[in-house]
Amino acid sequence: MISILIINGPNLNTLGKREPSIYGNLTLEEINRNMVKYGEKICKKNIKFDFFQSNHEGAIVDKINQAECDVIIINAAAFTHTSISIRDAILSCKIPTIEVHISNIYKREEFRKHSMISEVCLGQISGFGSNGYILAVQASVNIAQSKSNS
Ligand code: DQA
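What counts, and where the lines are drawn
Residues numbered from 1 in each chain as written. Predicted model: local features only at pLDDT ≥ 70, side-chain atom pairs only at ≥ 80, totals over all residues. Heavy atoms only, no water. Near = heavy atom within 4 Å. Polar contact = N/O pair within 3.5 Å; in protein donor to acceptor, adjacent residues only side chain to side chain. Areas by Shrake-Rupley, 256 points an atom, 1.4 Å probe, with all protein chains shown as cover. Nonpolar A, V, L, I, M, F, W, Y, C, P; charged D, E, K, R; others polar. Pairing = 2+ DSSP bridges. Helix = DSSP H or I, 4+ residues; strand = E, 2+ residues; numbered from the N terminus. Axes fitted to C-alpha atoms, helices over the stretch in contact; angles between N-to-C directions. Parallel < 35°, antiparallel > 145°, perpendicular 65-115°, else oblique. Contact = heavy atoms within 4.5 Å.

Colleague: Is there a simple way to explain the site of the ligand in this structure?
Modeller: For the ligand, the full set of nearby residues is R18, Y23, N75, A77, A78, H81, H101, I102, S103, I105 and R112. Residue A78 places a main-chain N or O atom 3.2 Å away from an oxygen atom belonging to the ligand. When isolated, the ligand has an accessible area of 320 Å², and the protein chains bury 99% of it. Here the shell around the ligand is built from residues that sort into five nonpolar, four polar and two charged.

Colleague: How should the sheet that holds strand 3 (residues 71-75) be read in this particular structure?
Modeller: Pairing between the strands of a sheet is mediated by backbone hydrogen bonds and can be parallel or antiparallel. Strand order in the open sheet formed by five strands is 2-1-3-4-5, and the pairing between neighbours is parallel. Pairing within the sheet leaves two strands with one partner each, and these edge strands are strand 2 (47-53) and strand 5 (123-126). Taking each pair of neighbouring strands and ignoring which way they run, the sheet shows an average axis angle of 20°. Two elements, strand 4 (residues 97-101) and strand 5, share four bridges in a ladder whose sense is parallel. What sits directly across from H101, in strand 5, is S126.

Colleague: Sorry, what's going on with the packing of helix 3 (residues 57-66) against helix 4 (residues 84-93) here?
Modeller: A pair of packed helices can be characterised by two numbers: the angle between their axes and the separation between those axes. At their nearest, the axes of helix 3 and helix 4 sit 9 Å apart, and the two run at 5° to each other. When the interaxial angle is binned, helix 3 and helix 4 end up roughly parallel. Together, E57, I60, V61, I64 and N65 of helix 3 and S85, I86, A89, I90 and C93 of helix 4 make up the contact between the two elements. Partitioning the contact of helix 3 with helix 4 into residue classes produces seven nonpolar, two polar and one charged.

This is the structure we're talking about:
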């Protein structure tokens, strides 16, 4: 069974009504449902998801500290650009982590161009809208399967 923890940071609970020209029209619940649908399709149901959203940096750090899963997918939202503590948590948990952004953070304001966490993540998906989460599920399954085959 492949297990994936999906962490979404501040203001992503308002997806659907938050700046739809940048973040699209889907709600976080709809995005999560699409991830489950896709994951179950490519893994024949041999996959489980834990979805976590918080507007609080410490709660995200706690969740990473307690994580027991094959892969973490994280959109740290605004904390991406500021949080040493989330970076340190990712580094110490030793679980392969994929960074996702709905928008292309390199095409926006200067302050969004630097990610505190990208150096400690396996890779980053940025600019593909909510489909980025689906791409991250695909990458997670590849990572988990290649780990179990080695
Ligand atoms: C975001 C980009 C961040 O700069 C921003 O603060 C967010 C969302 C994205 O998904 O594009 O809240 O992480």
